[in-house]
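Each chain is listed here by its residues.
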Amino acid sequence: MGALTASWQRLHDHRDANRDFSLRRAFSDDPSRADDFTVRAGALTIDYSKQLVDQQALTLLLELAARSGLSARTEAMFTGERVNTTEDRSALHVALRAGTDGRFEIAGKDVMVDVARVLQQMREFAQQVRTRTRLGATGRPIRNVVNIGIGGSHLGPDMAVEALRQFVNPDLTVRFVSNVDGADLADAISDLDPAETLFIVASKTFTTAETLTNAQSARRWVTDALGEDATPHHFVAVSTNVQEVENFGIDSANVFEFWDWVGGRLSLPSSIGLALMVAIGPESFDDLLSGFRDIDEHFRTAPPDKNAPILLGLIGIWNINVLGYTAKAVIPYSHRLSKLPAYLQQLDMESNGKSVDVDGNRVGMDTAPVVWGTPGTNGQHAYFQLLHQGTSVVPIDLIGFVKPSHDLPGHHDQLMANMFAQAEALAFGRTEDEVRAAGVSEHQVPHRTFSGNRPTTSVLAPELNPRTLGQIIALYEHTVFVQGTVWRINSFDQWGVELGKQLAGEIVGQFGDEALGDHDGSTSALIGEYLKGRTR
Ligand code: F6P
């Protein structure tokens, strides 16, 4: 038996020998469990003591990570090796937030010069907009910035602008358009004046149909109002594909570059964060980068048993592959983090939603969890019923902050009390005897009993600010990387999105034709019905 197979076997044996593991017992047997199973990274306190693991499970998981070559692959990523083998690229997003002292190279070429140059270009642009010296075609200052992009070119900056609303310049309107559904763009611009509006067209490839369609409509909206010559004054682009940007009609001087070694879902700290930098200002953006860097350094240097992304990644492996819990909820106890779950969906599911390993062989086990979530306390009044008493067990990450991001009295204590209470209820439940002892009538007892043993990790930070946001994002990025490494998959490609894109392109091309293409009966019938209705 190979060393890896033996590690997996030991994990399964350990689970089988401890089928009756109970968080109630684990805490009563070990008074220091909360302390021992809490790790600190940057300003984050991460309590995983309410996960269904004991010390032996963690030891076996750490052995699995070591045997999976985690430290070598981590170094390979940090040293610019082409870890994204199917696209033959490095995944050096850590260089983007390395700061002035950072030294990162790809094949002997220092990438930090380019990183610093683009950051400086972003700062100058952001300052122009923020100080009203960036003018539109008619000489009026730009007051509205609309980011057009999708996926990794949208979710990060949109999530972060919302998260950091407290830091956003109140004199600016910053919006995001992603969906090819024209309602998205129409709504975003309905109350804006083209003379004061600038579009950031954000697309790594500059070939994404949704983004180009929205960008073309935005350009029409601008030129209809201000004339053909207005485009250069009202459009800038963020892309790795300068040629395509120029073909679109945006001058190369208005392109904020990034590079193929930055994955879309890892690109927030690159020029993809331009709309965010405009909104919160260059200094706050630097703080965000510092937050990323805090966790990058922690991940690269902390010993595995004190390393937050390693521990969280491995606990995820335990939940998915050993306990069979293949979903995961992320519940931020922060209204401002309402877009974090959607951001993490792309990060986790586009990275690790794969069935074959780096060699093209079947992985042979479950990989990325189905990630979902909405802010607490809202979810509590919707789907938490299932989380407490349903037949599926869904591990949950709860994220909260010591200080509120507003000054309304009374709210924050309630919010945080709910976060702590949910984790407690999920872990320890309520036994039949306890329910009876509370005087509940016998026929209600089964309905009001809670099994407990529902795993959570609680992440607590002092406050939601650019630095802690950067730390939270980097924590998840590296957690996903750890899991991809253990599963031996390439977390940096996304071939699974291609087929749907290709078919959509073919179908839209057929809408004008007499004869539809060769489709199955269902698809043909649906298209037929659509076309009949459309021409009516
Ligand atoms: O379709 C998936 C995807 O390629 C993502 O990986 C990416 O973040 C998104 O589309 C947008 O791509 P682009 O930035 O090239 O427009």
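Read on for a plain summary of the structure. (Residues numbered from 1 in each chain as written. Predicted model: local features only at pLDDT ≥ 70, side-chain atom pairs only at ≥ 80, totals over all residues. Heavy atoms only, no water.)

Looking at the secondary structure, you find glutamine 55 in helix H4 (residues 55-67). We classify glutamine 55 as partly exposed; its relative accessible area is 47%. Sequence-wise, glutamine 55 and asparagine 254 are 199 residues apart; in three dimensions their C-alpha atoms are separated by 54 Å. (Helix = DSSP H or I, 4+ residues; strand = E, 2+ residues; numbered from the N terminus. Buried < 20%, exposed > 50% of the residue type's maximum accessible area, 1.4 Å probe, protein only.)

Within the structure, the ligand sits among 14 residues, and Ser153, Ser203, Lys204, Thr205 and Thr208 are positioned closest to it. Note that an oxygen atom of the ligand is positioned 2.7 Å from one of the backbone N or O atoms of glycine 152. Against a free-state accessible area of 390 Å², the protein chains account for coverage of 88% of the ligand. Of the residues that constitute the shell around the ligand, the class distribution is two nonpolar, nine polar and three charged. (Near = heavy atom within 4 Å. Polar contact = N/O pair within 3.5 Å; in protein donor to acceptor, adjacent residues only side chain to side chain. Areas by Shrake-Rupley, 256 points an atom, 1.4 Å probe, with all protein chains shown as cover. Nonpolar A, V, L, I, M, F, W, Y, C, P; charged D, E, K, R; others polar.)

At a minimum axis distance of 10 Å, the contact between helix H15 (residues 340-352) and helix H19 (residues 466-487) shows a crossing angle of 20 degrees. For the element pair H15 / H19, the angle class is roughly parallel. Relative to H19, H15 is oriented so that their crossing is right-handed. Contacts between H15 and H19 involve Leu340, Tyr343, Leu344, Leu347, Asp348, Ser351 and Asn352 from the first element and Ile472, Ile473, Tyr476, Glu477, Val480, Gln483, Gly484 and Trp487 from the second. Of the residues belonging to the contact of H15 with H19, the class tally is nine nonpolar, four polar and two charged. (Axes fitted to C-alpha atoms, helices over the stretch in contact; angles between N-to-C directions. Parallel < 35°, antiparallel > 145°, perpendicular 65-115°, else oblique. Left-handed = near helix turned anticlockwise from the far one by under 90°. Contact = heavy atoms within 4.5 Å.)

Our focus in this paragraph is the side chain of arginine 97. Among the structural elements, arginine 97 can be located in the loop between helix H5 (70-78) and strand S3 (105-106). Those residues in contact with arginine 97 that lie beyond four places of it in its chain are Pro269, Leu289, Phe292, Arg293, Asp296, Ala474, Glu477 and His478.

Following the criterion strictly, the structure yields 14 aromatic pairs and no others. Both rings, one in phenylalanine 125 and one in phenylalanine 256, keep their centres 5.3 Å apart while their planes meet at 65 degrees; by these two values the pair is edge-to-face. Within this pair, whereas phenylalanine 125 is found in helix H6 (residues 112-130), its partner phenylalanine 256 is found in strand S9 (residues 255-257), the two being separated by 131 residues in sequence. Like phenylalanine 125, the residue phenylalanine 256 is buried in the burial classification. Ring centres of phenylalanine 481 and phenylalanine 492 lie 6.2 Å apart, and the angle between their planes is 35 degrees; on these two criteria the pair is classed as tilted. Taken together, the residues span a long stretch of sequence, with phenylalanine 481 in helix H19 and phenylalanine 492 in the loop between H19 and helix H20 (498-510) at a distance of eleven residues. Take phenylalanine 492: its relative accessible area is 10%, and that puts it in the buried class. Put simply, the rings of Phe199, Phe206, Trp221, Phe235 and Phe248 pair up and form one aromatic cluster. Positioned above the aromatic ring of phenylalanine 248, the side-chain terminus of arginine 219 is 4.1 Å from the ring centre. (Phe/Tyr/Trp six-rings, centres within 6.5 Å; stacked < 30°, edge-to-face > 60°. Lys NZ or Arg CZ within 6 Å of the ring centre and 35° of its normal.)

Moving on, we get to the environment of leucine 426. Take leucine 426: it is sitting in helix H17 (residues 411-428). Taking the relative accessible area as the measure of exposure, leucine 426 reaches 2% and is therefore buried. Between the C-alpha atom of leucine 426 and that of isoleucine 396, which follows or precedes it by 30 residues, the distance is 9.6 Å. If we ignore the near neighbours within four places in the chain, the residues touching leucine 426 are Leu387, His388, Ile396, Gly452, Asn453, Arg454 and Thr456.

Here we take up the sheet that holds strand S6 (residues 173-177). Pairing in this open sheet of five strands is parallel, and the strands run S6-S5-S7-S8-S9 from one edge to the other. Strands at the two margins of the open sheet, each flanked by one partner only, are S6 and S9. Here the average twist between neighbouring strands, direction ignored, is 20 degrees. Two elements, strand S5 (residues 144-148) and strand S7 (residues 197-202), share five bridges in a ladder whose sense is parallel. Bridge pairing in S7 places valine 146 opposite phenylalanine 199. (Pairing = 2+ DSSP bridges.)

Another aspect to go through is unusual backbone geometry. Across the chain, the bulk of peptide bonds are trans and the bulk of non-glycine residues have phi less than zero. With an omega of 15 degrees, the peptide bond running from glycine 376 to threonine 377 counts as cis. For threonine 377, the location among the structural elements is in the loop between strand S11 (370-372) and helix H16 (384-389). In this structure, arginine 132 is a non-glycine residue whose phi angle is positive, near 65 degrees. By the secondary structure assignment, arginine 132 is in the loop between H6 and S5. Using a relative accessible area of 29% as the deciding quantity, one classes arginine 132 as partly exposed.

This part is about the sheet that holds strand S1 (residues 38-41). An order of S1-S2-S13-S12-S10-S11 is seen for the six strands of this open sheet, with the pairing classed as mixed. On the outer flanks of this sheet lie S1 and S11, each paired with one strand and no other. For this sheet, the mean inter-axis angle between neighbouring strands, taken without regard to orientation, is 15 degrees. With four bridges connecting them, S1 and strand S2 (residues 44-47) associate as antiparallel partners. Paired with threonine 38 across the two strands is aspartate 47, which belongs to S2. Here helix H14 (residues 308-322) sits on the sheet and contacts S1, S2 and strand S13 (456-461); the angle it forms with S1, its principal contact strand, is near 135 degrees.

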